[in-house]
Amino acid sequence: MKDQVIIVTGGSSGMGLYMAQRFFDEGAKIAITGRNLERLQKAKDQIAKGNEERMLLIEMDVRKIEDVERMVDETVEAFGRIDHLVNNAAGNFISPAEKLSANGWNSVINIVLNGTFYCSQTVGKYWIENNIKGSILNMVATYAWNAGAGVIHSASAKAGVLAMTRTLAVEWGAKYGIRVNAIAPGPIERTGGADKLFESEQAAKRTLQSVPLGRLGTPEEIAGLARFILSEEAAYMNGEVVTLDGGQWLNQFPF
Ligand code: HXC
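Calculation rules
- Residue positions within a chain follow its written sequence, with the count starting from 1.
- Only residues with pLDDT of 70 or above have their local features reported here, since the model is predicted, and side-chain atom pairs are shown and tallied only from 80 upward, although totals for entire chains, interfaces and linings are computed over all residues.
- Side-chain figures throughout are based on the complete set of non-hydrogen atoms in the structure, without hydrogens or water.
- We call a residue near a given molecule or strand whenever any one of its heavy atoms falls within 4 Å of it.
- N or O atoms closer than or at 3.5 Å make up a polar contact, with two conditions inside protein: a donor-capable atom paired with an acceptor-capable one, and, for residues adjacent in sequence, both atoms drawn from side chains.
- The Shrake-Rupley method, run with a 1.4 Å probe sphere, supplies the accessible areas, and residue values consider only the shown protein chains as cover.
- Helix and strand labels come from DSSP, where a helix needs a run of H or I of at least four residues and a strand needs a run of E of at least two; each type is numbered from the N terminus.
- Three residue categories are used. Nonpolar comprises Ala, Val, Leu, Ile, Met, Phe, Trp, Tyr, Cys and Pro, charged comprises Asp, Glu, Lys and Arg, and polar comprises the others, including Gly.
- The criterion for an aromatic pair is that two Phe, Tyr or Trp rings (for Trp, the six-membered ring) have centres within 6.5 Å, with stacked assigned to planes under 30 degrees apart, edge-to-face to planes over 60 apart and tilted to the rest.
- Here the term buried applies to any residue with accessible area under 20% of the maximum for its type, exposed to any over 50%, and partly exposed to those in between, with areas from a 1.4 Å probe on protein chains only.
- Here, a charge over a ring is recorded when the distance from Lys NZ or Arg CZ to the ring centre is within 6 Å and its angle to the ring normal is within 35 degrees.

Going by what an unreviewed UniProt entry lists, the chain is known as 2,4-dienoyl-CoA reductase and is assigned to Halobacillus seohaensis.

And the structure:
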């Protein structure tokens, strides 16, 4: 990954932080984005440890196209190019479908579905104009194709992101050699998603019981898979979604 330029949206916490750390440790130049500058700065201290010239912080909201355009401009200005985009920024909360407000629905759809499109299209246009065969990695969830009871907004948005992954993989793969893939993580420790699932003891127990391997995944495991998908070793992988969930989504009838 040496000298590869990688944007990780939502890179100041959770899986985004660990992916940025792994890419950085392997010599990449990293731009991390987030809505809170203080959190971005904290992430930089943790990741860069004195090698700050390989790290860029971009305070922005993926829901705002003008912020996304600035993200691309600032990254190119700082590092000269962009090689990969990781659409990791997400928003989610647990709510019964019948109680979800229109604003709650819109908020998650705007972050996950619209934000992923704005970032992909803006970076994609830059690649097409500059003849760069970049690659995009999207973060989905197994409920993109399965049921997401309690998170209908996130499930609907992630299903859209999965369709976007496959559509762009074909459209841009054929014309420009741009690869687009996705990871579907299960419950991963030290992330906002796991915190939400572990709010009650009962939900925590149910989650652990649902995973055949009997444990949560780690953000380091997600980062290792992400590293592989972006690397030359996965140069023939396009339009794929790789599940990393300990077998959870297959576990329909736990015995
Ligand atoms: C019901 C809620 C709610 C909750 C927010 N809302 N939280 N409704 N239960 N827990 C409603 C609000 O009442 C409001 O509607 C609307 O959603 C927008 O809320 P805001 O706080 O104004 O939105 P905003 O500041 O844009 O924040 C977006 C957010 C927030 C998604 C609501 O949680 C966020 O920024 N999250 C980012 C981090 C995150 O969620 N990470 C986890 C990703 S995990 P009204 O009608 O009142 O105006 C993941 C997979 C995990 O994606 C899977 C397991 C759960």
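1. What to know about the site of the ligand
Of all residues adjacent to the ligand, which total 15 residues, the nearest are Arg35, Arg63, Ser101, Asn103 and Lys196. Here Asn92 contributes a backbone N or O atom positioned 3.0 Å from an oxygen atom of the ligand. When the ligand sits alone it has 1100 Å² of accessible area, and the protein chains cover 56% of it. Breaking the shell around the ligand down by element, the ones donating at least two residues are α4 (102-130) and α6 (192-197). If one sorts the elements of the shell around the ligand by residue count, α4 sits on top with 4 residues. Of the residues that constitute the shell around the ligand, the class distribution is 5 nonpolar, 7 polar and 3 charged.

2. Focus on the packing of aromatic side chains
What the rule picks out here adds up to 1 aromatic pair. Judged by centre distance (5.4 Å) and plane angle (85 degrees), the ring pair of Trp145 and Trp249 falls under edge-to-face. Taken together, the positions of Trp145 in the loop between β5 (135-139) and α5 (152-176) and Trp249 in the segment after β7 (241-244) put the pair 104 residues apart, joining distant regions of the chain. Overall, the relative accessible area of 31% leaves Trp249 in the partly exposed class. The ring of Phe24 has Arg54 lying over it, and the distance from NZ or CZ to the ring centre is 4.0 Å.

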